[in-house]
Amino acid sequence: MTYFPEEVVERIFDFLATHRDRNAVSTVCKTWYRVERLSRRSVFVGNCYAVRPERVVARYPRLRSLTVKGKPHFADFNLVPHDWGGFALPWIEAAARGCPGLEELRLKRMIVFDESLELLARSFPNFKVLVLISCEGFSTDGLAAIATYCRVLRELDLQENEMEDRGPQWLSCFPDSCTSLVSLNFACLKGEVNAVSLERLVARCPNLRTLRLNRAVSVDTLSKILARAPHLVDLGTGSFTIDHRAEAYHKLINNFIKCKSLRSLSGFWDATPRCLPAVYPICGNLTGLNLSYAPAIQGADLIKLIRQCSKLQRLWVLDCIGDKGLAVVANTCKELQELRVFPSDVYGEGIAAVTEEGLVAVSSGCPKLISLLYFCHQMTNAALITVAKNCPQFTRFRLCILDPGKPDPVTNQPLDEGFGAIVQSCKDLRRLSLSGHLTDQVFLYIGMYAERLEMLSIAFAGDSDKGMVYVLNGCKNLRKLEIRDSPFGDAALLEDVGKYETMRSLWMSSCDVTLGGCKTLAAKMPRLNVEVINEMDESDELEENPSDLHRVEKMYVYRTVAGPRNDAPDFVWTL
Amino acid sequence: MELELGLALPNNHLMKGLDLNDGSTTNSYRKRGFEEAFEEVIPKATLPLFVHKNGGDGDDENDSPQLKNSPELNSISGNRALVGWPPVKHPRRRSAGGGAEERWSEHCGSNSDDGGGGRRAKCVKVKMEGVAIGRKVDLSLHDSYEELFHTLNQMFPNMQHGFAGFAHHPHHHRRRFMVTYEDGEGDWLLVGDMPWEDFIRSVKRLKILS
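What counts, and where the lines are drawn
Residues numbered from 1 in each chain as written. Chains lettered and ligands numbered in written order. Predicted model: local features only at pLDDT ≥ 70, side-chain atom pairs only at ≥ 80, totals over all residues. Heavy atoms only, no water. UniProt positions renumbered as here; feature names shortened; annotations may be inferred. Helix = DSSP H or I, 4+ residues; strand = E, 2+ residues; numbered from the N terminus. Pairing = 2+ DSSP bridges. Axes fitted to C-alpha atoms, helices over the stretch in contact; angles between N-to-C directions. Contact = heavy atoms within 4.5 Å.

Looking at an unreviewed UniProt entry, chain B carries the name Auxin-responsive protein, with the source organism given as Phoenix dactylifera. If you open the UniProt record of chain B and go to Subunit (unreviewed entry), you find "Homodimers and heterodimers." In its Function (unreviewed entry) section, UniProt records this for chain B: "Aux/IAA proteins are short-lived transcriptional factors that function as repressors of early auxin response genes at low auxin concentrations."

An unreviewed UniProt entry lists chain A under the name Transport inhibitor response 1-like protein Os04g0395600, from Phoenix dactylifera. If you open the UniProt record of chain A and go to Pathway (unreviewed entry), you find "Protein modification; protein ubiquitination."

Here it is, written out as structure tokens:
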């Protein structure tokens, strides 16, 4: 292939769709490396500390799309201190210097300051897409900068961010000349927005297909927006409270009827059952429905709604749907691919809402189900074995039994056999989260059968180091392993230190790993960052120099070519 | 300032100016000196940390193994102070129905920005002998010693031989641990000797000894 002109090689590389393939060809020879790097348009950095931003930018000067992830996944559940790290600024600065053609930036679990957003807005004349997921550190002032300076902005997608509200004026910063918006999602914003600005913005963006409003947007405004944008495909309603007898309600129904392209609905904050009929006209077209923020819609009303959604592919609900409701889903939603059932009563003191029955029903009724997140009060081995038989095509299986360490309530046995059946049957399983009472046996099964597994989440499980070792030895494709409150210690950690260089990261908290074990790992593997996170207060009588025998509360290990990071706060020790 | 503490849902009281050195407790229990307290062996800890539900009203009834399998201990209510459990994202906890917001224990985390109204956590540090890193537990989320011990068991799984299923293996080898606390006057006492309300009022921090 070396006698092909480079332009031809570049054309051939254009056909490589995945990052993995492009990464692979770049290692073949110097020529291919050069061709690949100069034609690379999109880079994904799974761990912002695995590589320095300057290096990425230097290697890929023609970058158009950059995705970077920061904090480890358990940060979603407050297990990682807020100021642990994951700053977006170095990435934006490096890109501003090295890739002025940048058009898209996607950040997840990173700290983004308003100054960073302002720099972003001013540095890239062609900037089109900004997606921030589970980020924090910025306010509506930063959004104002984006709105003001990004002339050709197509997508502003804010998902579940912690952002400070400094007033509604940011939305008015979109100039009248801005007509390019295709997707706008500010559902996580807590404050008000200016309704008139919003309506005018929607009216002048003919290509708008995704619009997710926040809770502060009234139904009245929603109605007006629908009238202006009947071509919407994905809608997040604001607060969905309205007097169902009022004229406004009838207007709303009429406007919904006009939205023939609507395929996905979410929002529904404060929705009461009486308002639901407003969406009945379009239910038959829906492929996505998210009712997980509407605790007031339960039982019969939920069922009535779902019965009309026969084309549903993605459904997110609260567990007040009940096993009965899930049976209706099983009967109605034959196209269902993804189901998420969230706990409505997070501490489980209410009525047990969904059990293993609901899951079994869905597994038998929905032949296309491949992705599951299920919070429930109990699960049995028999049910899991049935589910495994019914749905061998699962790629993501996350089960959370709310009471940690709870066994099969019928047999009082651990759930090893049930999860074992899942991994044995679901050959394409890429992501798995375990819960309930589990011994080392389940990990033996996982090591044996879960060949494609890439991400595993473990909590309150296992008996001994053997459990973790089974997983490390068996799962060849493991990329992310996160463990909390399980009895795995130094022996397991150090069993196969080379393994961690084949993975993105390992998180262990409240396990039996000691400081000495972490130090040993760090000494043996210089290309890993071994971080120990110590949230001690100064007032603690102290363990200024804790002995190596002391257990480490939180440890985060990741492979890196960037060396120890220089922005770690005091309480993070890189060994 | 006199502290008003009750066992109602945390939202109902504000703990301004928490002053644990306010020695105006009216309890009549007898405080023990440190050595005196910890020389004795805990009587037959089938359940090293469990005390009868009524707390120490002076009458330490015999612990029965049944306590381990009691519905209260297996119930989720004891998990209220477990950080990050269940694994649900922040915004979802806020909008989940009912009292989820109040009971959430993020106040014990390092940087809690939760502006959720008026609830004041009573977080005390918990250190376990031999463990460098301390934890924090929000006492305001507990109503009894049982619930507290349940939480501690989950925070320090070393206290059992393997955490998972501790409540389901009554014959597991158990090590003996003592939970002690420092009160407002700097004395170290055994947890469980006095009524729960008095305990909450005076406790400053906890220490688990083996």
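Engineer: How should I be thinking about unusual backbone geometry in this particular structure?
Structural biologist: For residues besides glycine, phi is generally negative; the peptide bonds are generally trans as well. Look at the link from tryptophan 85 of chain B to proline 86 of chain B: it is a cis peptide, with omega at -5°. Of note, proline 86 of chain B is situated in the loop between helix 3 (71-74) and helix 4 (90-95). In this structure, asparagine 78 of chain A takes a positive phi of about 65° despite not being glycine. Of note, asparagine 78 of chain A is situated in the loop between strand 2 (65-69) and helix 5 (89-98). Positive phi is not limited to glycine here, since aspartate 485 of chain A has a value of about 50°. Its place among the elements puts aspartate 485 of chain A in the loop between strand 19 (480-484) and helix 20 (490-493).

Engineer: Can you help me understand the environment of tyrosine 280 of chain A in this one?
Structural biologist: Looking at the secondary structure, you find tyrosine 280 of chain A in helix 12 (residues 280-283). For the pair tyrosine 280 of chain A and leucine 493 of chain A, spaced 213 residues apart in the sequence, the C-alpha separation amounts to 54 Å.

Engineer: Looking at this structure, how should I read the sheet that holds strand 3 (residues 178-182) of chain B?
Structural biologist: The pairing of strands in a sheet happens through backbone hydrogen bonds and is either parallel or antiparallel. Residue and element names in this part refer to chain B. Taken in spatial order, the five strands line up as 2-1-5-3-4 in an open sheet, and their pairing is mixed. Looking along the sheet, the strands with just one partner apiece sit at the ends: strand 2 (135-138) and strand 4 (188-190). Shown here is a sheet whose adjacent strand axes are inclined to one another by a mean of 30°, direction ignored. In terms of strand pairing, strand 3 meets strand 4 through three bridges, oriented antiparallel. Paired with glutamate 182 across the bridge in strand 4 is tryptophan 188. Across the sheet, helix 6 (residues 145-155) touches strand 1 (123-128), strand 2, strand 3 and strand 5 (205-209), and the angle it forms with strand 2 is around 155°.

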